[in-house]
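Secondary and tertiary structure notes
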Amino acid sequence: MRSISFSFLFTAVLLGSSTASPLRKRAYGVTTRASEVNGQTFDYIVVGAGLAGTTVAARLAEDSSVSVLLIEAGADDRDDSRVYDIYAYSQAFGTELDWAWSTDQGKTMHGGKTLGGSTSINGGHYTRGLAAQYDAWLSLLEDSDANSGWDWNGMFSYMKKSETFSAPNDQQKAKGAQSNPDYHGTSGPVQVTYPDLMYGGPQQGSFVETIVNLTGIEHSADTNGGGANCVSITPLAYLTPVEDIRTNWLTLTTYHVTKINWKEGSSPLTASGVEFQREGSTTKYTATANREVIVAAGAIQSPALLQLSGIGDSDVLSPLGITTQLELKQVGKNLQEQTMNSLGAKGNGYDYGGQGPSDAIAYPNIYQVFGDDAQASISKIQDNLSSWAASQASAGVSQEALESIFGIQADLIINGNAPVAELFFDSGYPADLGIDLWQLLPFSRGNVQITSADPFTQPAVTVNYFSVDWDLDVQIAACKLARKILSSPPISTLSTGETIPGSAVDGSDDSWRNWVSNGFAAVAHPVGSLAMMRKDLGGVLIMPTDVPDVDIDTTCTPVTGAWEALAHADNVGGGMVKGLLGTLPSKFQGLATPEKNPMSMQLSHEEVVVGCADGTIYVMNFVGYEYQKPRKRVVESPVMEDEGVGSESGSES
């Protein structure tokens, strides 16, 4: 099956010829010295060093005749245990490694501000979505894309191609780990396995047995074959680094790309390079792209960078003194995010049987979450799609467009068994026995919008949590189910009783509503802010057939789903890189092998915007992976001033 092609609804390209320029002797590896970049020309400039950016940079650099620059706002923190130690999960939150975007209702959305991006600070769980959700994506695209392969079957091959799966050993099997070899690959860059120290106590198996008994949900040996409506013991994923073998690739850290520069008078709009700056300094630097600029800054920073560069809604940009280069009002709209609450019970002293991490996850559908109240919830959806679309219209292109999208989403929920909640069993948080839960398919829509021309001012991130009240219904119903699980055998035999929320919730809907609304957190799973769908639906990204084949992943995902960001973007990311390399010799196409990947990370949403020399801009989304502590090696060759390297105008180096 052929790859998926797509481009922006606008055209914006890079300056320069389609042939690579000879590589001058320059620094390579990882550096913080702006002098090694300022005034220079590279064939490719990649903005953002999450999995998306590092994967694209690594693949491009396989061709030794091209030069690649990767720029990351955060530092190289690979020697920091908050990055490489999976058991240190959450310790990076609220630190210098975290963008910590402020959102409405006083909630904070975490995102990795470090080499590896959000992939370096998240949890690393590896589950794929429901096949029907991937298939439904086609209905948001043009009719001509019906046979494009942008469905489960088309993506599944990339999922497996990107993966090297290690089946559970006898010890892991004894602790509940299972797998289906037909769902996995054996030679890709993503290492997928079960942890050696996975829990072997009674708690995870008891969670699985209890939710099966209560809801009838399937206990699946392996959730990665498209049947996400199940409960399963799930694996983790990671990558390993080797950045020192590519001397044509330079990564600059601790500098923000503050603007995309455009070729003066170009039609179509043509990117010529980028401007970058260190936070706290007034000194600005530039680098020129001979071929392409690729923006991989994530679901929040990517639309913000486009807006700062003059691509977006002129009603937003003009009052800030930003000249609108391209009117595209939907940039930053259609944002979706999930909401989390955690319930806990005190244990009776049972033995955890290991160190973890926790890896038992359930994805129940509407019938399993709501039980006897499911039909009432279904009727509420069917009766209110139009009014919900009207209430969210300002975060989309129109009421009519959102009503069409909501109709597809509703059909998945009602008829497609799409999971509506995730219940993550958590040994030791927020109590000895814990369940973290979030609703998966919110109808609420938000946006990302800059409020200042200062690139170091965070954009306004408005999620509009629970602005469609059905989203709150799901969260409450999931909490009720979690309480029922913790109080039912066999897991209740491990507990002395619920402690969170405990007596704070008396069981009434009003009591649950108050507790959920006042205590939820953002899950940090944002999607949709540069969506791939038809223009009339509010898409920023479309799929024409006259550009090189390209595949994508999560930030362009128009509707969120039942997957860990990791495995969903993993698939799309790999194929997209293949498409980006479509103009290179065929030997460079396809996924990178493990030994050629630059670093190791865990999955999170990353967005990639690619400006190409054929007159198009691509937007791609990736997921990253948590670092497994690598051997850090930085190689910097002397920069030769007589080879045309621009001098640095500032004092930073």
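For the structure itself, consult the block above.
As the structure is a prediction and not an experimental result, all values here were calculated from the model.

1. Some words on the nonpolar core
- By size, the foremost hydrophobic cluster in this structure holds 102 residues, and its most contacted members are Phe 207, Ile 381, Leu 423, Phe 443 and Trp 470.
- Ranked by residues supplied to this core, first place goes to helix α12 (residues 469-486) with eleven residues.
- Non-local contacts of Phe 207, meaning those with residues more than four positions away in its chain, are made with Val 231, Ala 360, Ala 362, Leu 423, Phe 425, Ile 435, Ile 485 and Ile 491.

2. Some remarks on the side chain of Asp 471
- By secondary structure assignment, the location of Asp 471 is in helix α12.
- Buried charge Asp 471 goes without a salt bridge, the closest partner of opposite sign being Arg 445 at 6.6 Å.
- In this view, Asp 471 contacts Gln 439, Leu 441, Pro 442, Phe 443, Ser 444 and Phe 466; residues no more than four positions away in its chain are not counted.

3. Section: the packing of helix α10 (residues 374-391) against α12
- Their axes nearest at 10 Å, the elements α10 and α12 cross at an angle of 155°. By the angle between their directions, the pair α10 and α12 is classed as roughly antiparallel. Residue-level contacts link Ser 377, Lys 380, Ile 381 and Trp 388 of α10 to Asp 469, Trp 470 and Asp 473 of α12.
- Looking at side-chain class alone, the contact of α10 with α12 contains three nonpolar, one polar and three charged residues.

4. Regarding unusual backbone geometry
- In this structure, Pro 430 follows Tyr 429 across a cis peptide bond, with omega equal to 0°.
- Assignment of secondary structure puts Pro 430 in the loop between β22 (421-427) and β23 (433-439).
- Cis geometry is found at the peptide bond from Pro 489 to Pro 490, where omega equals 5°.
- With respect to the secondary-structure elements, Pro 490 resides in the loop between α12 and β26 (495-500).

5. Quick word on the packing of aromatic side chains
- The final tally for this structure, using the stated rule, is 16 aromatic pairs.
- A centroid spacing of 5.9 Å and a plane angle of 80° characterise the contact between Tyr 199 and Tyr 352, whose relative ring orientation is edge-to-face. Separated by 153 residues along the polypeptide, Tyr 199 in the loop between β9 (190-193) and α6 (203-215) and Tyr 352 in the loop between β20 (339-347) and β21 (360-362) bring together distant segments of the chain.
- Overall, Tyr 199 belongs to the buried group, its relative accessible area being 8%.
- Given a relative accessible area of 23%, Tyr 352 falls into the partly exposed group.
- Through a chain of ring-to-ring contacts, the aromatic side chains of Trp 388, Phe 406, Phe 443 and Trp 470 assemble into a single cluster.
- Seen from the ring of Phe 520, Lys 107 lies directly overhead, with NZ or CZ sitting 4.4 Å from the centre.

6. Looking at the environment of Leu 537
- Here Leu 537 lies in the loop between β27 (521-522) and β28 (541-542).
- What makes Leu 537 buried here is its relative accessible area of 4%.
- Taking C-alpha positions, Leu 537 is 8.0 Å from Gly 396, a pair spaced 141 residues apart along the chain.
- For Leu 537, the residues in contact, after removing those within four places along its chain, are Leu 140, Val 397, Ala 401, Ser 404 and Ile 405.

7. Things to note about the side chain of Ser 358
- Here Ser 358 is to be found in the loop between β20 and β21.
- Using a relative accessible area of 6% as the deciding quantity, one classes Ser 358 as buried.
- Residues contacting Ser 358, with those up to four places away along its chain left out, are His 125, Tyr 199, Gln 204, Phe 424, Phe 425, Asp 426 and Ser 427.

8. Considerations on the packing of α6 against α12
- Put simply, α6 and α12 touch, their axes get as near as 9 Å, and they point 115° apart. The crossing of α6 and α12 is right-handed. In contact with Phe 207, Thr 210, Ile 211, Leu 214 and Thr 215 of α6, α12 contributes Leu 481, Lys 484 and Ile 485.
- Within the contact of α6 with α12, the residues separate by chemical class into five nonpolar, two polar and one charged.

9. Some remarks on the pattern of salt bridges
- In total, this model carries 15 salt bridges according to the counting rule given.
- Here Glu 279 makes a salt bridge to Lys 113, at a shortest N to O gap of 3.5 Å. In this pair, Glu 279 is assigned in the loop between β15 (269-277) and β16 (284-295) and Lys 113 in the loop between β7 (108-109) and α3 (131-137), connecting sequence segments 166 residues apart.
- Among the ionic pairs, Lys 329 bridges to Glu 327, the shortest N-O distance being 2.8 Å.
- On the basis of relative accessible area, Lys 329 is assigned to the partly exposed category, the value being 36%.
- Salt bridges sharing partners connect three or more residues here, namely Asp 313, Asp 315, Glu 327 and Lys 329.

10. Quick word on the sheet that holds strand β8 (residues 163-165)
- The three strands are arranged β8-β9-β12 in an open sheet whose pairing can be described as mixed. The sheet terminates laterally at β8 and β12 (236-238), the two strands that pair on one side only. Direction aside, neighbouring strands of the sheet carry axes that sit 25° apart on average.
- Inspection of the sheet shows β9 paired to β12 by three bridges, in the antiparallel sense. Within β12, the residue paired with Gln 191 across the bridge is Tyr 238.

11. A look at the sheet that holds strand β24 (residues 446-449)
- Read from one edge to the other, the open sheet built from three strands follows the order β19-β24-β25, with strand pairing classed as antiparallel. Across the chains shown, the open sheet's two edge strands, defined by having one partner strand only, are β19 (333-335) and β25 (460-462). Pairwise comparison of adjacent strand axes, ignoring direction, gives a mean angle of 35° for this sheet.
- Pairing of β24 with β25 involves three bridges; the strand directions are antiparallel.

12. Focus on the environment of Gly 176
- Its location among the elements puts Gly 176 in the loop between α5 (170-174) and β9.
- Of the residues examined, Gly 176 reaches a relative accessible area of 27% and is grouped as partly exposed.
- Note: C-alpha distance between Gly 176 and Val 208 (32 residues apart in sequence) is 9.9 Å.

Thresholds applied
Residues numbered from 1 in each chain as written. Predicted model: local features only at pLDDT ≥ 70, side-chain atom pairs only at ≥ 80, totals over all residues. Heavy atoms only, no water. Core = buried A, V, L, I, M, F, W, Y, C linked by side-chain atoms within 4.5 Å. Buried < 20%, exposed > 50% of the residue type's maximum accessible area, 1.4 Å probe, protein only. Helix = DSSP H or I, 4+ residues; strand = E, 2+ residues; numbered from the N terminus. Contact = heavy atoms within 4.5 Å. Lys, Arg positive; Asp, Glu negative; His and termini not counted. Salt bridge = Lys/Arg side-chain N within 4 Å of Asp/Glu carboxyl O. Axes fitted to C-alpha atoms, helices over the stretch in contact; angles between N-to-C directions. Parallel < 35°, antiparallel > 145°, perpendicular 65-115°, else oblique. Nonpolar A, V, L, I, M, F, W, Y, C, P; charged D, E, K, R; others polar. Phe/Tyr/Trp six-rings, centres within 6.5 Å; stacked < 30°, edge-to-face > 60°. Lys NZ or Arg CZ within 6 Å of the ring centre and 35° of its normal. Left-handed = near helix turned anticlockwise from the far one by under 90°. Pairing = 2+ DSSP bridges.

Purely spatial values, then, with no claim about function.
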